[in-house]
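Coordinate analysis (summary)
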Amino acid sequence: MFTKTPDLPIASMEELFELSAFLHKEARLLDEERFEEWLEMLHEEIHYWMPGIENRRRENPLKEGFYDKDHMAYFDDRMRDLQRRVARFRQPSAWAENPATRNVHIISNVEAFIAPEADTYMVCSTFTSIRSRGLDEEYVIYGRRYDRIQRTEGGLKLLKRLILIPNATLSCKNINTFL
Amino acid sequence: MSNIIKTLDVTDALPNLKKVCNLDEGRISGEIFYSQEIYEQELEKVFARCWLFVAHESQLVKTGDYITTTMGEDEVIVVRQKNGSIKVFLNACPHRGNKVCFSESGSTRGFICNYHGWSFDTAGNLVGQHESGIYEASEFDKSKWGLKEVAQVDSYKGLVFATFDPEAPSLKEYLGPMTWYLDALFDNQEGGTEFVGGCIRSTYECNWKIAAENFVGDILHAGWTHDSAARAMLGGAVAKVSDFPESYSVNWNGHGYEFALDTVGNVAVLGESKLNRYVHTIKPSVAERLGEFRSNMIASVSSATIFPNFSFLPGQNTVRVWQPRGPNKIELFTWVVVNKSAPEEIKEMWRKGAMMTFSPTGVFEMDDGENWEYCTKTAKGKVTAKQDLFVGLGMDTLLEETPLPGNVYEGQLNEANSRAFYQYWFDLLNAKSWTEVPNRNKGKAEAE
């Protein structure tokens, strides 16, 4: 969609199965508000990045085309930042989380490649995040993800995630979930 | 031949407008957040007349640099001219009205309409068309058909404002003494400020006034609404505003700034000790530049709105415009402002910190959106919309004897700014022209 994926060797069928299962589990933990277990799936050096998308002419691109690492973002987080976000969800005074937001994360188009870094995969996927609040609010966000997932002593860990949505204007008031 | 936009003929005031608010009695009604009829009046009497924020000068560095935005619901292009000035044009081709610029920012030598190939230079002049020969045969006068130019453009300390109305008072007169307070954020260091790259846009199903009023003078909500975010970021509750020994609410022409003098209360919620240290480090030089008083405001517990829809938070350094999109919808445009002279590391921390706190993913903003949407949506009920809403805190708190400029009220836990905001809105909706807008300012027009 935006970033030209580098040509990398394709992971084995077994590895693809394992990585897909990792992403599906992650989605389920988020839907079940098991945020602490979700944090456990992340590498301690996690870079979780969702840049703002800018509507620019083709002859006037930013460094990455429609986004730029020095520009504004939705998420540009490290572990401490993600832990703080989880901490807000857990406060009894997070008024806008009670009644709860009901989440469904759908993950598809999973492709797995062998990344140049040791013990690391580059995994591409698409997502649909559906949230409902109150009686009738519904918000759908979809996009592409480019992940680096590393095999560590503690199992597979998400090391890097780049989240790209097609929208230059977010069609809802917030993103009170992880994508 | 001038292509400058003329003052619009405005329609008569709504006959029942008097019922929707009475600020002397400290009440408004939910109707003002939901009525389509009132909204139509706002577009012509507020957004087509007032000075509106359109850009920061740092977004338009070189000749031909442009951004597109909206003034009310009108699409405009803001572009740097060869002589260094800034012009604002309607982003609509004078042939059939199609948009001539579809990107949000960039650098260009001109704008070409996709429909019939009308081509304009950055000064808005029509310089050519597809099949130009047939226009010549019709004795077409190109000079009459340039891009329609917004009547007045001016800037204050890097903030570029524009008004459609040639009869509007000057920006200086419009802002009045609020500029003295704006300096605390926008001119506290040599070189002034710049915007971080990019703009985050999101959509709220709320009325624009409820958001603008939140920033004009509602710190009261912070301790309650934002308790969860404060605990997440700081591990404790928000500072208790009523404990501050000295704080103020100041307004002028519907603009408002509420602030404490605690220097770092706002920046502290970003949870980055280096940012707190930066503020303390520059404070002596701010005191030298702006005086001791305003050096206490750099990043203190504070917020502000320039009427009608330009708001910011010193300390979190979020700057935003609440773009009206119907009575019950807004698009929120947000930017991050930093001192040009700040170290890169500090700028980067503010970029991330503003996102982490006040943005669609910000842990503070998440609880605001819910409130603003339902303040708006409940007024869908005809009966609910007609009931009084209380806006009467701090009725008798005007400070008569103060060296501070503007209409100065004691304490920031005070609805004086909110009342002044709605009063100015109400006055504009009742005024056929600027001369009919009553002067309700009571304080000093300039700092002593």
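The name given to chain B in an unreviewed UniProt entry is Aromatic ring-hydroxylating dioxygenase subunit alpha, and the organism recorded there is Nitrincola tapanii.

The name given to chain A in an unreviewed UniProt entry is 3-phenylpropionate/cinnamic acid dioxygenase subunit beta, and the organism recorded there is Nitrincola tapanii. Recorded in UniProt under Sequence similarities (unreviewed entry), the annotation for chain A is "Belongs to the bacterial ring-hydroxylating dioxygenase beta subunit family." Its UniProt record, at the heading Pathway (unreviewed entry), says of chain A: "Aromatic compound metabolism."

**Things to note about empty space enclosed by the protein**
Empty space among the atoms becomes apparent when a probe as large as a water molecule is rolled across them. All names here are of chain B. Counted according to the given criterion, the structure contains 5 cavities of 30 Å³ or more. Lining the largest cavity are 13 residues, with Leu 185, Asn 188, Asn 317, Asn 339 and Trp 350 sitting closest to its centre. At the level of elements, helix 9 (273-290) and strand 20 (330-339) are the ones that each hand at least two residues to the lining of the largest cavity. Looking at side-chain class alone, the lining of the largest cavity contains 9 nonpolar, 4 polar and no charged residues. Volume-wise, the second largest cavity comes out at about 70 Å³. Partitioning the lining of the second largest cavity into residue classes produces 3 nonpolar, 4 polar and 2 charged.

**A word on helix 9 of chain B**
Residues and elements named next belong to chain B. With 18 residues, helix 9 extends 24 Å from end C-alpha to end C-alpha; this agrees with the ideal 26 Å at 1.5 Å per step. If you look at helix 9, its biggest bend is around 40°, right at Lys 283, and the proline Pro 284 turns up within four residues after that. What helix 9 keeps buried is the set Leu 275, Tyr 278, Val 279, Ile 282, Lys 283, Val 286, Ala 287 and Leu 290. For helix 9, the elements touching its buried residues are helix 4 (178-186), helix 8 (265-268), helix 10 (292-295), strand 20 and helix 11 (344-357).

**Observations regarding the sheet that holds strand 2 (residues 73-77) of chain A**
All names here are of chain A. The 6 strands lie next to each other as 2-1-6-5-4-3, forming an open sheet whose pairing is mixed. The two strands at the open ends of the sheet, each matched to only one other strand, are strand 2 and strand 3 (102-114). Direction aside, neighbouring strands of the sheet carry axes that sit 20° apart on average. Relative to the sheet, helix 3 (residues 79-89) contacts strand 1 (42-51) and strand 2, its axis offset from that of strand 1 by approximately 80°.

What counts, and at which threshold
All residue numbers here refer to positions counted from 1 along the written sequence of the relevant chain. Here the convention is simple: chains get letters from A, ligands get numbers from 1, in the order in which they are written. The model is predicted, so local features are restricted to residues of pLDDT at least 70 and side-chain atom pairs to those at 80 or more, both for listing and for counting; the totals for chains, interfaces and linings are taken over all residues. As a convention, hydrogens and water are excluded, and side-chain values are obtained from all of the structure's heavy atoms. UniProt positions are given in the numbering used here, feature names are shortened, and annotations may be inferred rather than shown by experiment. Cavity: a set of points on a 1 Å grid over the protein atoms alone where a 1.4 Å probe fits but cannot get out. Pocket: an open set with protein on both sides within 12 Å along at least five of seven lines, its lining residues, like those of a cavity, having an atom within 4 Å of a point. Grid points are joined across faces, edges and corners, and a volume is the space filled by probe spheres set on the points. Helical segments are the DSSP runs of H or I of at least four residues, strand segments are the runs of E of at least two, and each set is numbered from the N terminus. Residue polarity is assigned by list, with Asp, Glu, Lys and Arg as charged and Ala, Val, Leu, Ile, Met, Phe, Trp, Tyr, Cys and Pro as nonpolar; anything else, Gly included, falls into the polar class. An expected span of 1.5 Å times one less than the residue number is assigned to each helix. By definition, a residue's bend is the angle between the axes fitted to the seven residues ending there and the seven starting there. Remark: exposure states derive from per-residue accessible area (1.4 Å probe, protein chains only) relative to the maximum for the residue type, with buried under 20%, exposed over 50%, and partly exposed in between. The contact criterion used is simple: two residues touch if any of their non-hydrogen atoms lie within 4.5 Å. DSSP calls a pair of strands paired once it identifies at least 2 bridges connecting them. Fitted lines through C-alpha atoms give the axes, limited to the stretch in contact for helices. The angle between two N-to-C directions lies from 0 to 180 degrees.

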